[in-house]
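Residues per chain, in single letters:
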Amino acid sequence: MALIVPVGFYFIGAFGKKLIRESHPGDGFFKMSDWYLAPDAALANLGVGIAECVDLVARFNPELHNGRIRATLVFIAASFMVYLFTLAVHKHYERSGVVTWKKCVWLLGCTNGLSFATMFVFLLAIKGV
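No experiment lies behind these values; they were computed from the predicted model shown.

So, the pattern of salt bridges
Turning to step 1, where the next piece is worked out: Taken as a whole and assessed by the stated rule, the structure comprises two salt bridges.
Turning to step 2, where the next piece is worked out: A salt bridge links E52 to R68, with the nearest nitrogen and oxygen atoms 2.9 Å apart. Placement of the pair is E52 in helix 2 (residues 38-58) and R68 in helix 3 (residues 62-93), with a sequence separation of 16 residues.
Turning to step 3, where the next piece is worked out: With a relative accessible area of 29%, R68 lands in the partly exposed category.
Turning to step 4, where the next piece is worked out: The salt bridge partner of R59 is D55, with a shortest N-O separation of 2.9 Å.
Turning to step 5, where the next piece is worked out: D55 sits in the partly exposed class, given a relative accessible area of 33%.

Observations regarding the layout of surface pockets
In this approach, a probe sized like a water molecule rolls over the atoms, and the result shows the empty space that is left.
Turning to step 1, where the next piece is worked out: As a volume, the largest pocket reaches approximately 150 Å³.
Turning to step 2, where the next piece is worked out: As for the largest pocket, its lining consists of eleven residues, and the residues nearest its centre are P6, Y10, A44, V48 and M119.
Turning to step 3, where the next piece is worked out: Where the lining of the largest pocket is concerned, the elements lending two or more residues are helix 1 (4-20), helix 2 and helix 4 (101-126).
Turning to step 4, where the next piece is worked out: A per-class count over the lining of the largest pocket returns ten nonpolar, one polar and no charged.

Details of the side chain of T111
Turning to step 1, where the next piece is worked out: Looking at where T111 falls in the secondary structure, it is placed in helix 4.
Turning to step 2, where the next piece is worked out: Within the structure, the side chain of T111 is placed 2.7 Å from the backbone oxygen of L107, a separation counted as a polar contact.

A word on the packing of helix 1 against helix 4
Turning to step 1, where the next piece is worked out: Contact geometry of helix 1 with helix 4 gives a least axis separation of 11 Å together with a crossing angle of 160 degrees. Overall, the two elements helix 1 and helix 4 adopt an arrangement that is roughly antiparallel. Where helix 1 crosses over helix 4, the two elements pack in a sense that is right-handed. Seen from helix 1, the contacting residues are P6, V7 and Y10; seen from helix 4, they are F116, M119 and F120.
Turning to step 2, where the next piece is worked out: By residue class, the composition of the contact of helix 1 with helix 4 is six nonpolar, no polar and no charged.

Some thoughts on the environment of R59
Turning to step 1, where the next piece is worked out: Its location among the elements puts R59 in the loop between helix 2 and helix 3.
Turning to step 2, where the next piece is worked out: According to the relative accessible area criterion, R59 is partly exposed, its value standing at 42%.
Turning to step 3, where the next piece is worked out: Among the polar contacts listed, one links the side chain of R59 to the side chain of D55, at a separation of 2.9 Å.

What to know about the packing of aromatic side chains
Turning to step 1, where the next piece is worked out: Applying the stated rule across the entire model yields three aromatic pairs.
Turning to step 2, where the next piece is worked out: Ring geometry for F85 and W106: centres 6.4 Å apart, planes at 55 degrees, overall tilted. With F85 in helix 3 and W106 in helix 4, this pair connects stretches of sequence that are 21 residues apart.
Turning to step 3, where the next piece is worked out: Residue classification places W106 among the partly exposed positions, given a relative accessible area of 31%.

Rules behind the numbers
Counting starts from 1 at the beginning of each chain's written sequence and moves along it residue by residue. For a predicted model such as this one, the threshold for reporting local features is a pLDDT of at least 70, and the threshold for listing and counting side-chain atom pairs is 80 or more; totals across whole chains, interfaces and linings nevertheless cover every residue. With hydrogens and water excluded, all non-hydrogen atoms of the structure serve as input to the side-chain values. The term salt bridge refers to a side-chain nitrogen of Lys or Arg lying within 4 Å of a carboxyl oxygen of Asp or Glu. Secondary structure elements follow DSSP: runs of H or I of four or more residues count as helices, runs of E of two or more count as strands, with numbering from the N terminus. Buried means the residue's accessible area, taken with a 1.4 Å probe over protein chains only, is under 20% of the maximum for its type, while exposed means over 50%, and partly exposed covers the values in between. Both cavities and pockets are sets of points on a 1 Å grid over the protein atoms alone; in a cavity a 1.4 Å probe fits but cannot get out, in a pocket the set is open with protein on both sides within 12 Å along at least five of seven lines, and lining residues sit with an atom within 4 Å of a point. Grid points are joined across faces, edges and corners, and a volume is the space filled by probe spheres set on the points. The residue classification treats Ala, Val, Leu, Ile, Met, Phe, Trp, Tyr, Cys and Pro as nonpolar and Asp, Glu, Lys and Arg as charged. All others, Gly included, are polar. What qualifies as a polar contact is a pair of N or O atoms within 3.5 Å, subject to a donor-acceptor requirement within protein and to the restriction that residues adjacent in sequence count only when both atoms come from side chains. Note on definitions: angles span 0 to 180 degrees between N-to-C directions of axes, and those axes are lines fitted to C-alpha atoms, for helices only across the stretch in contact. Orientation is classified from the angle alone, with under 35 degrees giving roughly parallel, over 145 giving roughly antiparallel, 65 to 115 giving roughly perpendicular, and any other angle giving oblique. When the near helix sits turned anticlockwise from the far one by under a right angle, the crossing is termed left-handed; a clockwise turn instead gives a right-handed crossing. Only heavy atoms matter for contacts: two residues are in contact if any of them lie within 4.5 Å across the pair. Working definition: a ring pair exists when centres of Phe, Tyr or Trp rings (six-membered ring for Trp) sit within 6.5 Å. Plane angles under 30 degrees give stacked, over 60 give edge-to-face, the rest tilted.

The structure is reproduced here in structure tokens:
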């Protein structure tokens, strides 16, 4: 369930992007840009990390939570770096409307993959899911 809910929200985000963008008759139902979800995923990761850290600090027990708090802080820092990297890649590749394989690899593969991998590592390593 811990993996299904965030991934479900990412798909909802893609549908939301489809609904708010201007569409033309020849565009098709989805465009590639609807699936550029890495900035949203990176921000969601930051939010989850901060919420987890606040929760751990609120019920702090030095014997149980000391390593988890450090790991969560590392996750927050990594998520922030992933967010900055994602913004840099998006700024570089999204300026043209032309879809190329290089653009798809960077925006769909690398940035989406990095943001989603960060979320999966958090869920598996820190949350223990």
